Amino acid sequence: MQTPDWGALEAVDGVRLSWNVWPNSRMEAQKCVVPFGALVTPRKVLPEMPVVPYDPIRCKGCAACLNPYARVDFNAKLWICPFCYTRNHFPQHYASISETNLPAELFPTYTTIEYQLQRPAASPPAYMFVVDVCLIEEELSALKQSLTQALSLLPENASVGLITYGTHVHVHELGFEECPKSYVFRGSKEFTSQQIQDQLFRSTGGARPRSGQQANGAAVTGHQSKFLVPLADCEFQLTSVLEELSRDSFSALPDCRPARCTGTAVAVAATLLASSVSNTPARAMLFVGGPATDGGGQVVGKELETAMRSHKDIAKGAAPFMMKATKYYETVATQLCTNGHCLDVFACSLDQVGLAEMKVCAEKTGGMVVLAESFANTVFKTSFARMFTTEGEDALGVSSGGVFEVITSRDVKTAGCVGPCAALDKKTLPGAIADAPVGSGGTTAWKLCSLSNDTSLAVFFEPANRGDGKDGTQTAPQQQSQQFFLQFVTMCTVPSGETRLRVTTTTRRWTEGANVNDIAAGFDQEAGAALIARQLTWKMETEDEFDCPAATRWLDRSLIRLCQRFGDYRKDDPASFQLMPQFSIYPQFMFNLRRSQFVQVFNNSPDETAYYRMILWRENVLNSLVMIQPTLMAYSFNGPPEPVLLDVCSIAPDRILVLDAYFSVVIFHGQTIAQWRKANYQEQPEHEAFKQLLEAPKADAQEILGRRFPVPRLVDCDQHGSQARFLLAKLNPSATYNSAGMGGGSSDIIFTDDVSLQVFMEHLKRLAVAS
């Protein structure tokens, strides 16, 4: 039986569900193991989607928008909401509606529609650069170069501000043209929002700077004209300040880290934005090159003999600064969310910078995060420049001030959302919230301070027992009783300044819980793997006892239960075990997930683990799968490039492999290919085919780098070279140092005690069929 192409459905609506046929009771739903959920990309580029220049019509009962699934009475000029079955009258301007004269939102093919709301254009965006000056000269020079380049990419009407920090925090007054002027905050002290406001805006004795004019004609308050100035008015002054920027004048003592007050600088930036541009698009962009050693958000002591906390320290409770720093950043995150602002973090250091503590600011506000080794690194420079690209295929399409709302049929409860969002206290209908939250729960609406075209949210649902009609609610009409509906409503300000509201309405059907084949036919194993990955990492982030071994056990038990439910086998006969086609590669996803950097924290710092999980929580299904199970392409003289197994047996001396592991792209040359290249055969005219063979993987790798954000790390290596470890760590170890045959001659072997996929599947079959 051929499985449906669920990806084609996603291309129409930007929605992908793990289960597309749902059992009609809660007990049967729990037996399905994989959560019932949807991965939604609210701003996905949909070429076929209509954009209409008016506001939507909403149901007076549940606030759902009018959609193609509504039942319309053209004579009485009313429509029945498919979610709550409330009868709604059409407004006066819909008086001419008929079966042959339908508005766009009732067209059967327009299940996703976007409304251009009739509201004033939003204010131009504001950017507050928060720059670490405790860097070495080479790093600071590279950062200043990138910042100067960014100024040329910003729109002229954008407001910009500058905060530099080291031992102290300096807020530069760009509206003061006579000479460089800044307000200084002591780095070792924690300030309240009120204290920051008092120092910034009342220290002038009431004589505030004159009010300026934005480039679009809107008035600027005295607050904003001092520290956030339209780029057209301050570009020369800001460029001069950046050029003259030097290292922190308070040099570090011997055997000590420099005094770096990152947390205080972020708090000052959040308060400054809140006071100047509240509830308008604004980004605080943090550039940090080392750990915070002073003030609020401190993550390590100044003495170099005190090491940064590791995963083992956190597990043993030996990370003395972590809890206090996390609470500090949670307060800052709440302030940013309240005002609709976001924090972007560009962490470039060989050491940890405290990203694990400050991740809550980026997570809740939807800020971009880039982790690199240096400010001179291509990963940082290219990713940062792409932040300001507004046209072309590589444009991120960053929207702001978003609200994401989920409306469900009465028999479906919303459990929560895992993604770059913050919960709003909103419940569409009584009983719409599940008892057990997953992710950010207890609501049906979330705030998205910032989101790009690729931002994806994982919404988890809980099927309720159907047809009881409790609480005096109306039950479904008979013709609709076999299906349920989900509506995703996203309102945000797009880069052009317009306010858009996108409505996606989708329907799926119920079935009897005992009808296993019917339920299985609607399983999307790729979406299921992505949802399980988000649920698992959320549990690891929030539950103290849910460490790496516990997570692996939970994943294994879930997989065994799924195989027992949907496998075809005879009791106690592993050879008879067979999975339905819809589940055929799901165990492989789970094998790679339990080996991935999301679950295994060994050899990763807490900062790296936090970074990987943050990126996982915002990417769509296909990108999530690349992170969980990387893709491997082979290039050889035998034919065109072809995908090969993610296995050590795919290595051959006369092959070039390209591994796409999302965070890194590895070009791996087989031993013979590497020897030919070192002998410069590619420079000889008679070996033109070899030259083309060498260039093809590089071109494909660059194409991957060009479309992805953050930009992956590019590794170019040879077989048996030191950097070959980047490939070997991801491959299935079917041939190890202690396996028979030692890799079968030409292929490589991996020095590991990890089990291979084959052994894993044998154990799975044995446990699944056990009586």
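Not measured: the values here are computed from a predicted model.

A. Quick look at the overall build of the protein. Looking only at helices and strands, the protein features 21 helices and 30 strands. Against the compact-globule benchmark of 28 Å for 771 residues, the protein has a radius of gyration of 28 Å, which places it among compact chains. Taken over the C-alpha atoms alone, the protein extends approximately 80 × 80 × 60 Å along its principal axes. For the protein, the proportion of its 771 residues judged to be buried stands at 58%. Once local pairs closer than 6 in sequence are excluded, the contacts in the protein between residues at least 24 apart make up 72%. As displayed, the protein has an accessible area near 32,600 Å², and 51% of this comes from carbon and sulfur atoms. Charged side chains of the protein number 68 positive and 80 negative; the gap between the two group centres comes to 6 Å.

B. Summary view of unusual backbone geometry. Cis geometry marks the peptide bond from F709 to P710; its omega dihedral reads -5°. You can see P710 is positioned in the loop between helix 19 (688–707) and strand 30 (713–718). Within the chain, N279 stands out as a residue other than glycine whose phi angle is a positive 60°. Examined against the element boundaries, N279 turns out to sit in the loop between helix 7 (262–276) and strand 14 (282–288). Despite not being glycine, Y662 shows a phi value in the positive range, around 70°. Along the chain, the position of Y662 falls in the loop between strand 28 (656–660) and strand 29 (664–669).

C. Inspection of the sheet that holds strand 3 (residues 36–40) at higher detail. If you trace the 4 strands from one edge of the open sheet to the other, you get 1-3-21-18, paired in antiparallel fashion. The sheet is open, and its two edges are formed by strand 1 (15–17) and strand 18 (412–418), each paired on a single side. With direction set aside, neighbouring strand axes in the sheet form an average angle of 25°. Note that strand 3 and strand 21 (residues 457–463) share 5 bridges and pair antiparallel. If you follow A38 over to strand 21, its bridge partner there is V459. Sheet strands in contact with helix 13 (residues 525–542) are strand 1, strand 3, strand 18 and strand 21, and its direction is about 100° off that of strand 3.

D. Quick peek at the nonpolar core. Among the nonpolar cores identified, the biggest contains 130 residues, and W19, F488 and L593 are the most heavily contacted of them. Element by element, the count of residues in this core is highest for helix 13, at 9 residues. Apart from the residues within four sequence positions on either side, L593 is in contact with I532, A533, L536, L555, F598, V599 and I628. V131, V133, M368 and M387 belong to the second largest nonpolar core, which has 38 residues in total.

E. Up close: the confidence of the model for the protein. Across the protein, the average pLDDT comes to 90, with 93% of residues at or above 70. When the criterion is pLDDT under 50, residues 204–223 qualifies, and its contacts beyond four places in sequence or with other chains add up to 32 contacts. The low-confidence segment residues 468–480, where pLDDT is below 50, has 16 contacts with residues more than four positions distant or belonging to other chains.

F. Region of the structure containing the pairing of strand 8 (residues 112–116). Extensive coverage of strand 8 is indicated by the burial of 4 of its 5 residues. Relative to strand 8, strand 4 (residues 51–52) runs parallel, the two being bridged by 2 bridges. Counterpart to V51 in the pairing with strand 8 is E114. As paired strands, strand 8 and strand 23 (residues 499–511) are joined by 5 bridges and run antiparallel to one another.

G. Main features of the packing of aromatic side chains. Counted according to the given criterion, the structure contains 43 aromatic pairs. Both rings, one in W22 and one in F461, keep their centres 6.1 Å apart while their planes meet at 45°; by these two values the pair is tilted. Linking W22 in strand 2 (residues 21–23) with F461 in strand 21, this pair joins segments that are 439 residues apart in sequence. Classification of W22 by relative accessible area gives buried; the value is 0%. Aromatic pair Y127 and F388: ring centres 5.7 Å apart, planes at 65°, arrangement edge-to-face. Of this pair, Y127 sits in strand 9 (residues 126–132) while F388 sits in the loop between helix 11 (378–386) and strand 17 (399–408); the two residues are 261 residues apart in sequence, bridging distant segments of the chain. For the pair Y127 and F388, one class covers both residues: buried. Put simply, the rings of W19, W22, F36, F461, F484, W510, F523, F566, F583 and Y586 touch in pairs and so form one group of aromatic residues. Between K539 and the ring centre of F546, over which it is positioned, the NZ or CZ distance is 5.2 Å.

H. Spatial organisation of the sheet that holds strand 7 (residues 87–89). Pairing is antiparallel across the open sheet formed by 3 strands, whose spatial order is 5-6-7. Whereas interior strands pair on both sides, the edge strands pair on one side only; in this sheet they are strand 5 (71–73) and strand 7. Shown here is a sheet whose adjacent strand axes are inclined to one another by a mean of 25°, direction ignored. In the sheet, strand 6 (residues 78–80) pairs with strand 7 via 3 bridges, with the strands oriented antiparallel. Following the sheet pairing, W79 is matched in strand 7 by N88.

I. The arrangement of the side chain of R283 in detail. Relative to the elements of secondary structure, R283 occurs in strand 14. Take R283: its relative accessible area is 8%, and that puts it in the buried class. A polar contact of 2.7 Å, which involves the side chain of R283, links it to the side chain of D344.

J. Structural detail: the pairing of strand 29. Here strand 29 lies mainly inside the structure; 6 of its 6 residues are buried. Residues S664, V666 and F668 line one face of strand 29 and the alternating positions V665, I667 and H669 line the opposite face, and both faces are buried. Taken together, the 5 bridges between strand 28 and strand 29 define a ladder with antiparallel strand orientation. Looking at strand 29, one finds that I656 is bridged to H669. In this structure, the hairpin formed by strand 28 and strand 29 is closed by a connection of 3 residues, where Y662 is found at a positive phi of approximately 70°.

K. View of the packing of helix 10 (residues 355–365) against helix 16 (residues 606–616). Where helix 10 contacts helix 16, the axes come no closer than 9 Å and their chain directions differ by 20°. In terms of orientation, helix 10 lies roughly parallel with respect to helix 16. Relative to helix 16, the crossing made by helix 10 is right-handed. Contacts between helix 10 and helix 16 involve L355, A356, K359, A362 and E363 on the former and, on the latter, P606, D607, A610, Y611 and M614. Residues that form the contact of helix 10 with helix 16 fall into these classes: 7 nonpolar, no polar and 3 charged.

L. Main features of the pattern of salt bridges. Taken as a whole and assessed by the stated rule, the structure comprises 30 salt bridges. In this structure, D132 and R260 form a salt bridge, with 2.6 Å as the shortest nitrogen-oxygen distance. Within this pair, whereas D132 is found in strand 9, its partner R260 is found in the loop between helix 6 (231–244) and helix 7, the two being separated by 128 residues in sequence. With relative accessibility at 3%, the residue R260 sits in the buried group. Between D344 and R283 there is a salt bridge whose closest N-O contact spans 2.7 Å. With a gap of 61 residues between them, D344 in strand 15 (residues 342–348) and R283 in strand 14 connect regions that are remote in the sequence. Overlapping salt bridges bring together R43, E114, E498, R500 and R502 as one network.

Cut-offs used in this document
- Residues numbered from 1 in each chain as written.
- Predicted model: local features only at pLDDT ≥ 70, side-chain atom pairs only at ≥ 80, totals over all residues.
- Heavy atoms only, no water.
- Helix = DSSP H or I, 4+ residues; strand = E, 2+ residues; numbered from the N terminus.
- Rg over C-alpha atoms; globule rule 2.2 N^0.38 Å.
- Buried < 20%, exposed > 50% of the residue type's maximum accessible area, 1.4 Å probe, protein only.
- Contact = heavy atoms within 4.5 Å.
- Areas by Shrake-Rupley, 256 points an atom, 1.4 Å probe, with all protein chains shown as cover.
- Lys, Arg positive; Asp, Glu negative; His and termini not counted.
- Charge placed at Lys NZ, Arg CZ, Asp CG, Glu CD.
- Pairing = 2+ DSSP bridges.
- Axes fitted to C-alpha atoms, helices over the stretch in contact; angles between N-to-C directions.
- Core = buried A, V, L, I, M, F, W, Y, C linked by side-chain atoms within 4.5 Å.
- pLDDT = per-residue confidence, 0-100.
- Phe/Tyr/Trp six-rings, centres within 6.5 Å; stacked < 30°, edge-to-face > 60°.
- Lys NZ or Arg CZ within 6 Å of the ring centre and 35° of its normal.
- Polar contact = N/O pair within 3.5 Å; in protein donor to acceptor, adjacent residues only side chain to side chain.
- Parallel < 35°, antiparallel > 145°, perpendicular 65-115°, else oblique.
- Left-handed = near helix turned anticlockwise from the far one by under 90°.
- Nonpolar A, V, L, I, M, F, W, Y, C, P; charged D, E, K, R; others polar.
- Salt bridge = Lys/Arg side-chain N within 4 Å of Asp/Glu carboxyl O.

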